[in-house]
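Structural overview
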Amino acid sequence: MSSSSASSGVVQNRGFPVKCWCGDDVTIFTSKSVDNPGRPFFRCETKRDPKTWTNKKDSHLFKWVEDAVYEEVEDVLPKFVIIANELNKAKSEANELIVMIHELKEEAMLSKQEICKWKVCLKICFFGFV
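All figures in this text were calculated on a predicted structure; none of them were measured in a lab.

Here we have 3 strands laid out as an open sheet, ordered β3-β4-β5, and antiparallel in their pairing. Each edge of the sheet is formed by a strand with only one pairing partner; in this case those strands are β3 (26-30) and β5 (62-64). In this sheet, adjacent strand axes meet at a mean angle of 30° when their direction is disregarded. Here strand β4 (residues 40-44) pairs with β5 via 3 bridges, running antiparallel.

Right, dumping it as structure tokens:
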């Protein structure tokens, strides 16, 4: 969540709100107005009763849920770009490691063949002296 830092007491304006500016918790309500029927919004719990709502600027939090969702998505998109770049870098490094593994396997096979040749040579030399 990019909205608030409850431990510092500072409430930010972006993303999903957790606390109102007054410090109380925030709840999701559903609008029953003619202009916005069924539209969800965040509101301070102290303003639970719609009869106490004067306007959006009554010093208590009011935020449409879709605005909060949009802000959350907007804030996380740059992080996805960073993750995608890191993923591409990791894939590239993995491909380099795969190439190195194949080279090492080939080198190990050549070394094994060389050892087999030397074993044969040593057997010939050993039995040639006996």
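So, about the nonpolar core. Counting 7 residues, the largest nonpolar core consists of C20, V26, F42, C44, L61, V65 and A68. Filtering out sequence-adjacent residues up to four positions away, F42 remains in contact with F16, P17, V26, T27, I28, L61, F62, K63, V65 and A68.

The predicted model of the chain has a mean per-residue pLDDT of 84, with 80% of residues at 70 or higher. Ranking the helices and strands of the chain by mean pLDDT puts helix α1 (residues 65-129) first, with 92, and strand β1 (residues 4-5) last, with 42. Throughout residues 2-10 the model reports pLDDT below 50, and contacts reaching past four residues in sequence, or to other chains, amount to 19 contacts.

A separate point is the pattern of salt bridges. By the definition in use, this model includes 5 salt bridges. Here D75 and R14 are joined by a salt bridge, their closest N and O atoms 2.8 Å apart. Of this pair, D75 sits in helix α1 while R14 sits in the loop between β2 (10-11) and β3, placing them 61 residues apart in sequence. On the basis of relative accessibility, which here comes to 25%, the residue D75 falls in the partly exposed class. Residue R14 is classed as partly exposed on the basis of its relative accessible area of 32%. In this structure, R39 engages E66 in a salt bridge whose closest nitrogen and oxygen atoms are separated by 2.3 Å. Highlighted residues: R39 in the loop between β3 and β4 and E66 in helix α1, separated in sequence by 27 residues. A residue is classified by how much of its surface remains accessible, and R39, at 23% relative accessible area, is partly exposed. Connected through shared salt-bridge partners, R14, E74 and D75 make up one network.

Basis of the calculations
- Residues numbered from 1 in each chain as written.
- Predicted model: local features only at pLDDT ≥ 70, side-chain atom pairs only at ≥ 80, totals over all residues.
- Heavy atoms only, no water.
- Pairing = 2+ DSSP bridges.
- Helix = DSSP H or I, 4+ residues; strand = E, 2+ residues; numbered from the N terminus.
- Axes fitted to C-alpha atoms, helices over the stretch in contact; angles between N-to-C directions.
- Core = buried A, V, L, I, M, F, W, Y, C linked by side-chain atoms within 4.5 Å.
- Buried < 20%, exposed > 50% of the residue type's maximum accessible area, 1.4 Å probe, protein only.
- Contact = heavy atoms within 4.5 Å.
- pLDDT = per-residue confidence, 0-100.
- Salt bridge = Lys/Arg side-chain N within 4 Å of Asp/Glu carboxyl O.

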